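# Notes for the structure review
The lines below spell out each chain.
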Amino acid sequence: MGLGGGAAVGEESAGSPAAGVVHSLAQRHETLATVESLTGGMLAASIVEIAGVSGIYRGGLVVYATELKATLAGVPPELLAERGPVDPDVAAALAAGGRQRCGADWGLATTGVAGPEPQDDKPVGLVYVAVSGPNGGEVRQLDLDGGRDHVRSTAVIEALRLLAERIHADDAERAAVGVGRR
């Protein structure tokens, strides 16, 4: 997949979204957990590809089956019953549940429809990536074109991008109020 490139935690991370977030979290002494549906482990694989990641990556869940989103990741069953697995609130619950269940500072999640067919009246390419962190969370909707492989690999990159943006915003907020890093 090439997202991590085997870069070490301390190396420059311009070419790798995974290396960038691993480096940022290592500097902050914070941890990460992932919860994946759509990407089926690709997100975790892109993260653990980075040398030295064991200091920040707690682990992850691959919850492809809808009921596992509830039983393993803590998504409220009534939310899944009402809206289905491809939903922004489900994505937020996946990120928060992974963060809580894995004991991490940050949770990162993916859910969506990779294709080739629509799912529960949701179009192919509809993806939600979500992050949950020390100061709240965020969900981003993606409307992606292309085949199954493209949808899944783009979801990984966009999830990492969302996490990087939230870490940067958290850094800016800390700087504004004069709170140093741990």
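Just so we're clear, the structure is a prediction, and the values are computed from it rather than from any experiment.

This brings us to the sheet that holds strand E5 (residues 136–143). Through backbone hydrogen bonds, the strands of a sheet pair up, either in parallel or in antiparallel fashion. Strand order in the open sheet made by the five strands is E2-E1-E3-E4-E5, with mixed pairing throughout. The two strands at the open ends of the sheet, each matched to only one other strand, are strand E2 (57–62) and E5. Between one strand axis and the next, the sheet turns by 10 degrees as a mean value, whatever way the strands run. Sheet analysis places strand E4 (residues 126–133) next to E5, joined by eight bridges and oriented antiparallel. Bridging across to E5, Val-129 finds its partner in Arg-140. The strands touched by helix H6 (residues 148–177) within the sheet are strand E1 (32–36), strand E3 (106–112), E4 and E5, with E4 carrying the most contacts at an inclination of about 30 degrees.

Counting residues in hydrophobic clusters, the biggest one holds 31 residues, and the most contacted among them are Leu-32, Ile-47, Leu-108, Val-127, Leu-160 and Leu-163. If you list the elements that add at least two residues to this core, you get helix H1 (17–28), helix H2 (42–48), E3, E4 and H6. The dominant element in this core, judged by the number of residues it contributes, is H6, at eight residues. Setting aside chain neighbours within four positions, we find Leu-160 in contact with Pro-17, Ala-18, Val-21, Leu-43, Ser-46, Ile-47 and Leu-108. Counting residues in each nonpolar core, the second largest holds 19 residues, with Ala-70, Ala-73, Ala-93 and Ala-130 among its members.

Quick look at the packing of H1 against H6 now. Running from amino to carboxyl end, H1 crosses H6 at an angle of 30 degrees, the nearest separation of the two axes being 9 Å. Between H1 and H6, the angle falls in the class roughly parallel. As for how H1 packs across H6, the hand of that crossing is left-handed. Residues Pro-17, Ala-18, Val-21, Ser-24, Leu-25 and Arg-28 of H1 form the contact with H6, whose own contacting residues are Ile-157, Leu-160, Leu-163, Ala-164, Ile-167, Asp-170, Asp-171 and Arg-174.

Another point: the pattern of salt bridges. For the structure shown, the criterion picks out twelve salt bridges. With a shortest N-O distance of 3.5 Å, Glu-138 and Arg-140 are connected by a salt bridge. Of the residues examined, Glu-138 reaches a relative accessible area of 29% and is grouped as partly exposed. Here Arg-166 and Glu-138 are joined by a salt bridge, their closest N and O atoms 3.5 Å apart. Taken as a pair, Arg-166 in helix H6 and Glu-138 in strand E5 lie far apart in primary sequence, 28 residues in all. Arg-166 sits in the buried class, given a relative accessible area of 18%. Bridged by salt links that share partners, the residues Arg-28, Glu-30, Asp-170, Asp-171 and Arg-174 form one connected network.

Conventions we followed
- Residues numbered from 1 in each chain as written.
- Predicted model: local features only at pLDDT ≥ 70, side-chain atom pairs only at ≥ 80, totals over all residues.
- Heavy atoms only, no water.
- Pairing = 2+ DSSP bridges.
- Helix = DSSP H or I, 4+ residues; strand = E, 2+ residues; numbered from the N terminus.
- Axes fitted to C-alpha atoms, helices over the stretch in contact; angles between N-to-C directions.
- Contact = heavy atoms within 4.5 Å.
- Core = buried A, V, L, I, M, F, W, Y, C linked by side-chain atoms within 4.5 Å.
- Buried < 20%, exposed > 50% of the residue type's maximum accessible area, 1.4 Å probe, protein only.
- Parallel < 35°, antiparallel > 145°, perpendicular 65-115°, else oblique.
- Left-handed = near helix turned anticlockwise from the far one by under 90°.
- Salt bridge = Lys/Arg side-chain N within 4 Å of Asp/Glu carboxyl O.

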